[in-house]
Amino acid sequence: MFKVTKLLEGNEYVFRVMAVNKYGISEALESSPVIMKNPFVPPGSPQILDVTNITSNSMTVCWAAPETDGGSEIITYIIEKKDRTGIRWTKCNRQKVTDVCFRVMGLSEDHEYEFRVSAENAAGDGEPSLPTSYYKASNPKFKPGPPVNVHVIDTTKNSILIAWGKPLNDGGSEIQGYIVEICKAEDEEWTLCTPPTGLRVNKFEIGKLTENQEYKIQVCAINKMGVGEPTAIPGTAKPEDKMEAPELSLDSELRKGIVVRAGGSVRIKIGLRGRPPPEISWSKDEGVLSDKVIIEKSLNYTQLSMDNCDRNDTGKYIVKLNNSSGSVSEFVSVKVLDTPGAPLNFDVKDIKKDSVKWVRNGKEIDKSTAKMEVKTTVKRSVLIVKDCSKDDTGNYDITLSNVGGTKTIPIKVKVLDRPGPPVAPLNISGVTANSCNLSWNEPSQDGGAKVSHYIIEKRETSRLSWTLAEPKVELKENSEYNFRICAINSEGIGEPADIHGSVIAVDKAEAPEIELDADLRKVVSVRASGTLRLFVPIRGRPEPKVKWEKEDGSFTERVQVEATGSYTMLVIDNVNRFDSGKYILTLENKSGTKSEFINVRILDSPSAPINFAVRDVKKDSVKLLWEPPLFDGGAKITNYIVEKRESTRKAYTAVTNNCTHTSFVIMELQEGGIYYFRVRAVNEFGIGIAVETKDPVKVAQPPMPPGKVSVVDVTRNTATLSWEKPLHDGGSKIICYHVETQTKGSDKWNVGATVQVLEATITGLMSGEEYHFRVIAVNEKGKSEPQELGVPVIAKDVQIEPTINLLFNTYSVKAGKDLTIEVPFRGRPKPVVSWKKDGLPLMQTSSITILTSETSSKISFKETTRDHVGKYEIAVANTAGTKSAEIGVVVLDKPGPPSAMKVDEVTSESITLSWKPPEYDGGCHISSYIVEKRDTNTTVWETSDPIKVLDPFTIPSTPLRVEIANVSSEAMTICWEKPDSDGGSKISSYIIERREKSSMRWVRINKKPVTDNTFRATNLRAECEYEYRVFAENAAGLSPPSDPSPLTKAQDPRFPPSPPTKPKVVDSTKDSMSLVWNKPLSDGGSAVIGYSVEYKKTEDTVWAVAVPITRNTEFTVVGLCPGAEYVFRVKSISKIGVSDPSPTSEPHVAKEREEEPVFDVDIEMRKTMIVKHGNSFTLTVPFKGKPVPSVVWEKDDINLKERASIDTSDACTSLTAEKATRYDSVSNGFLLCIMVAAQLLITSYSNVRQALLPGLRFPLQLQETKLK
């Protein structure tokens, strides 16, 4: 079809069409003459029906369609307007109007307009309608509505004060004023109280009324349109005086009082009200108002003012109101800050010398002793102590007494003297052949000055003189010594303290000991590249020999060992994972041997996984297996990193960074590719050493079995078989095929032939024997499954039905060139060959020659023409059957002429022509057509542009709404909708492509055509995200791809979690409640990340959210109303969504909860406790109770507040005693813990038994009793 344009109206034309292909132009097909004219006329005129919805700037014009559309559909209507003051019609619509109503906008207010409408079709504009009458652009106006809220504000005996609000509707015009009307209650005649033009205010006082007469009152609003509807006050109003008791308005600051400095000013202003106006009076409590007070009075306030205030103005100032309705008074306190006045009633009397008394250490001092003398006068007292010694040190008190009372002043006196001797215990320890250790306590008396140092003296028992013992002077071995010690302060050397007994300087043998602290008895952890230090105190006599060893190997050069008589230390710098293990320390001397071990763990990244292997190698995947590293780096293996590398590359790429198992299947490998693989373990300290495949791995598998096996020929000692290629070669080239044979009755298969082609002849068969055959494909990965011939074969000469082996079904040749077609065939006995063309026997001519041999038939064409085009059929027949095949011959030449030209549409300037393609297209695609025109008055043909020949259909549009459903960790279903357009050709199939989130490449996933609108994608990697797109395909080709689906993670289905269990109230106060609940039975496949708590009063219907999300299974709801009853519910929250609410809790009232006090004693407190003499011990007793109980500890005959330290919190109490003695044991009484709460006494008895010797144990027992 083609439209010829730019023709002249009224002229007569002739048209012709020629087809074009790549071999030339066909003969022309000519049309009959055609005259150019339109087949339709412009439409009639519409009829305007009405102009409505008139406002100040718009109107709506409505009309009826024309009676005739002129033979062509009406495209649009044209609406025009004209102002009364103008002369030109103006178009109102810029866009096409197909409706029969149009809103004309943009009019000028108070202007008058007329309108007309015309219709338009393909022939042009029709005649306009008759114009309308003139319409004025203005908004509609009405009288105003009634005023609102008319009410009485106040009344007197001859007036009424009223007020009102604006009307809800002003009628479209501004409110100009209001009028007020009044009439007596018993009359119906209304009297105007306001000017006729009205009032501009919303309040009016009506005067000159009769006292106690009832009146009706109404108010109306006025605008330009007139007076609106009235609104009356409810009921009636009566003019009368209102009586109000007086009131004072005292603000909060005045109630607190006024503080002012002397010389300042005071202003007390107080608001007031009352009817009739009250009388105002001011007064001062306990005094009269001074002359400087100024008082102001008015109808609504009164004020008292004072300037230059002094202390005499301090006091309460009282204001009082009084009228016929009552009285009221208030006071304001005023404080003036000034210097104090003179003291009152000052008098001095009863002063005596005997009123002074001296006391020393609680005993009164005798004034008559020779050592002490007291001198007292009226103004002072002196105590004189003669010949002071350190015994005079102490606390002195002087007490003064008279009728006014008693006063005691303490005085501390310290007399400086030489210190006393050091006190016991004086101990000797650590005796060796040349040394010993001495210890002592400070003197009980330091002489009033700090002890600066001590002097130690020694004496051999065989001598009488004492010598000073220097710290570095060694003792003589086997000598016997005495020692004494003196303290020294600033006053001199004190008395010596002798150490009882003598000491012989002899070495004592001591077996070696290793003192491992608690940290070394645990596992010692050190970060890689750090320093390991093992410091161990040791002892033994003589000094033991130190030896360090490592259990699983020898030390490296990095190990440094230091040993002394008191400690040994092992140091390793820059440690690594190989320094982990058990380190053994051995001490040895002549008294014995001692060994201890220390476990060391180096915190490092893991070592390499072990037993790494590649299994299950397939055409596009492999499975990797390994075992965890021997060394985990001191931390749990969190995951493994699996990587791959193509043999042609040097860099590894990550396959997964989060493998949590010791196996992984790598998918989507390049078929036939050669790869290296490696795995690394990961812990919290980093990525470990990699284990790598030593040899490259080719991604391939044994091939699939060969296709259908057929018998080609059979003789008495041979059989010829053929087969099809395997559907897949397993990713590696097929090397050869094994053809195996099996004789009837035997289970053994023998290789009869090995070939590299798809046909083989097996020789050496026994005539008349029955054989089975099968074919196996072989590649470098191994052998395929065998493909058997379905039926057994008997080795004998047989008739073979003829077969034809066509190389091609269609042959093409350029016109004028020669063509030869050879057709191989097979059959036994030799088949007879015959040829046909287009169903008729083919006769040999000078241009067609046929030659037939034993195995083929050959037909030759000389100087081909379009007469040789057609379908040729070859038939071969023998006694076993007949076979035929069809061959198409195409001669490439210019096409034949088009046919069946017709005129589809004629206008005044164009014509549309259509025709059918040529019966013979020249053996190739028609590329275009040439259309020519000629005016019948001339002989010259004018050529149009060549018309490109397109298929009668196009590619389809894109598929729609690609969605994902039925998602699991291994597969997901892709669904889509058909394209909006199939392009004119049925959609034959769909192509689905997939892309991983981390990849840039789209991969086709359907190998076979997909005709449905769903497809199941499999072999996905768990937790990977995928997106999909779909192509539609028809005869014209592939559509553009659809929009990608949303990214979808391959994971098992997840749902919102189930609700938690029913919440339980475990505690409450007057404004809060504490809840607990259990986790939901199901998390829906996604971890529960929190809970939402809701509450409401039992009588309410709306739930309030107490907390949007909390991670705990307990929560305290605060802000509750005391005494109200509440219920609660909880929802589980996961990443998938929110669960249904839990069952509602039992109702609970918000009030303080009372709990009986109880001791919360666990099993640990009932076990045996070990306490050594002189050590401290602590008894801890947990308890519960509401309100919080008070706790008291007691023990027979002992004040525990002095003997021990007691610490009590809201939940537990503890008692700690220092330097335990036998008097703390259970045999000397019970420790009694008493709790008091809610009028109950709860007691707990603690049995404490002391071990006087090291190693003794005693039981700590707790028991509970309740005492009312």
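Treat the numbers as computed from the prediction; the structure is a model and nothing was measured. (Residues numbered from 1 in each chain as written. Predicted model: local features only at pLDDT ≥ 70, side-chain atom pairs only at ≥ 80, totals over all residues. Heavy atoms only, no water.)

### With respect to the overall build of the chain
Helix and strand content of the chain: 3 helices and 107 strands. Over its C-alpha atoms the chain spans a radius of gyration of 61 Å, topping by over 25% the 33 Å that the globule rule assigns to 1268 residues. For the chain, the spread of C-alpha atoms along the three principal axes comes to 180 × 135 × 60 Å. Expressed as a percentage of its 1268 residues, the buried residues of the chain come to 39%. Within the structure as shown, the chain displays about 74,200 Å² of accessible surface, and the carbon and sulfur contribution to it stands at 49%. Here the chain holds 163 positive side-chain charges and 168 negative ones, and the gap between their average locations is 4 Å. (Helix = DSSP H or I, 4+ residues; strand = E, 2+ residues; numbered from the N terminus. Rg over C-alpha atoms; globule rule 2.2 N^0.38 Å. Buried < 20%, exposed > 50% of the residue type's maximum accessible area, 1.4 Å probe, protein only. Areas by Shrake-Rupley, 256 points an atom, 1.4 Å probe, with all protein chains shown as cover. Lys, Arg positive; Asp, Glu negative; His and termini not counted. Charge placed at Lys NZ, Arg CZ, Asp CG, Glu CD.)

### Digging into the UniProt feature "domain: Ig-like" (unreviewed entry) in the chain
In the numbering adopted here, UniProt assigns the feature "domain: Ig-like" (unreviewed entry) to residues 246–335, 512–601 and 802–888. Across residues 246–335, helical content stands at 6% and strand content at 59%; the span's end C-alpha atoms are separated by 28 Å. Across residues 512–601 one finds 4% helix and 59% strand; the C-alpha atoms that close the span lie 27 Å apart. (UniProt positions renumbered as here; feature names shortened; annotations may be inferred.)

### So, the sheet that holds strand 47 (residues 545–550)
Sheets are built from strands paired through backbone hydrogen bonds, the pairs being either parallel or antiparallel. An order of 45-51-50-47 is seen for the 4 strands of this open sheet, with the pairing classed as mixed. Taken across any chain shown, the strands that pair with only one partner, and hence form the sheet edges, are strand 45 (524–527) and strand 47. Recorded for the sheet is a direction-independent mean angle of 25° between the axes of neighbouring strands. Taken together, the 4 bridges between strand 45 and strand 51 (residues 592–603) define a ladder with parallel strand orientation. (Pairing = 2+ DSSP bridges. Axes fitted to C-alpha atoms, helices over the stretch in contact; angles between N-to-C directions.)

### Observations concerning the side chain of Arg934
Within the element layout of this structure, Arg934 appears in strand 80 (residues 928–935). As a buried residue without a salt bridge, Arg934 has its nearest oppositely charged side chain in Glu30, at a separation of 4.3 Å. When neighbours within four sequence positions are excluded, Arg934 is seen to be in contact with Glu12, Tyr13, Val14, Glu30, Thr939, Val940 and Trp941. (Salt bridge = Lys/Arg side-chain N within 4 Å of Asp/Glu carboxyl O. Contact = heavy atoms within 4.5 Å.)

### Side note on the pattern of salt bridges
In total, this model carries 39 salt bridges according to the counting rule given. Among the salt bridges present, the one from Glu692 reaches Arg645, with a minimum N-O distance of 4.0 Å. Of this pair, Glu692 sits in strand 58 (residues 686–692) while Arg645 sits in strand 54 (residues 639–646), and the two are 47 residues apart along the sequence. You can call Glu692 partly exposed: its relative accessible area is 38%. Members of the salt-bridge network, linked through shared partners, are Lys292, Asp310 and Asp313.

### Here we look at the UniProt feature "domain: Fibronectin type-III" (unreviewed entry) in the chain
Per the UniProt record, "domain: Fibronectin type-III" (unreviewed entry) is annotated on residues 1–39, 42–140, 146–242, 421–508, 608–702, 705–798, 958–1053 and 1059–1153. For residues 146–242, the helix share is 0%, the strand share is 42%, and the end-to-end C-alpha distance is 30 Å. Secondary structure across residues 958–1053 divides into 0% helix and 42% strand, with the first and last C-alpha atoms of the span separated by 30 Å.

### Description of the packing of aromatic side chains
For the coordinates displayed, the defined rule picks out 18 aromatic pairs. Geometrically, the ring pair formed by Trp915 and Tyr929 is edge-to-face, given 5.4 Å between the ring centres and 70° between the ring planes. Residue Trp915 is found in strand 79 (residues 911–916), and its partner Tyr929 is found in strand 80; the two are separated by 14 residues along the sequence. With respect to class, Trp915 is no different from Tyr929; both count as buried. Each residue in the set Tyr1095, Tyr1126 and Phe1128 is aromatic and connected to the rest through ring pairs, giving one cluster. (Phe/Tyr/Trp six-rings, centres within 6.5 Å; stacked < 30°, edge-to-face > 60°.)

### A look at the sheet that holds strand 83 (residues 960–965)
Spatially, the 3 strands line up as an open sheet ordered 83-84-87, and their pairing is antiparallel. Two strands close off the open sheet at either side, each with one partner strand: strand 83 and strand 87 (1014–1017). The average undirected angle you get between the axes of adjacent strands in this sheet is 20°. Both strand 84 (residues 972–977) and strand 87 contribute to a ladder of 4 bridges, which runs antiparallel. Across the sheet, residue Met972 finds its bridge partner in strand 87, namely Ala1017.

### Brief notes about the pairing of strand 78 (residues 899–906)
Two faces, one strand: in a regular strand the side chains alternate between the faces of the sheet. The pairing of strand 78 with strand 79 spans 5 bridges and is antiparallel. Looking at the pairing, Glu905 lines up with Thr912 of strand 79. The turn linking strand 78 back onto strand 79 is made up of 4 residues.

### Comments concerning a negative patch on the surface
Taken together, the side chains of Glu186, Asp187, Glu189 and Glu214 define an acidic patch exposed on the protein surface. Its location among the elements puts Glu189 in the loop between strand 16 (177–184) and strand 17 (191–192). (Patch = residues over 30% accessible without salt bridge, like charges linked within 9 Å, V, L, I, M, F, W, Y side chains within 5 Å.)

### Side note on the environment of Gly881
With respect to the secondary-structure elements, Gly881 resides in strand 77 (residues 881–892). Residue Gly881 is classed as buried on the basis of its relative accessible area of 18%. Apart from the residues lying within four places of it in its own chain, the contact partners of Gly881 are Glu801, Pro802 and Val876.

### Some remarks on the confidence of the model for the chain
Of all residues in the chain, 93% attain a pLDDT of 70 or more, and the chain-wide mean is 85. Predicted confidence is poor over residues 1227–1232, with pLDDT under 50, and the contacts of this stretch with residues over four places away or in other chains come to 27 contacts. Counting interchain partners and residues more than four positions distant, the pLDDT-below-50 stretch residues 1236–1268 has 106 contacts. (pLDDT = per-residue confidence, 0-100.)

### Side note on the pairing of strand 65 (residues 770–779)
With 8 of 10 residues buried, strand 65 lies mostly within the body of the structure. With 8 bridges joining them, strand 62 (residues 736–743) and strand 65 adopt antiparallel strand pairing. Paired with Glu740 across the bridge in strand 65 is Arg774. Relative to strand 67 (residues 787–788), strand 65 is paired through 2 bridges, and the arrangement is antiparallel. Paired with Arg774 across the bridge in strand 67 is Glu788. Bridge analysis of strand 65 against strand 66 (residues 782–783) gives 2 bridges, and the strand direction is antiparallel. When the sheet's bridge partners are listed, Val778 is paired in strand 66 with Lys783.

### Notes on unusual backbone geometry
Cis geometry is found at the peptide bond from Arg275 to Pro276, where omega equals -15°. Following the sequence through the fold, Pro276 ends up in the loop between strand 24 (266–275) and strand 25 (279–284). Backbone geometry at Ala900 places phi at a positive 55°, although glycine is not the residue there. Following the sequence through the fold, Ala900 ends up in strand 78. Phi at Asn1019 takes a positive value of approximately 55°, unusual for a residue other than glycine.

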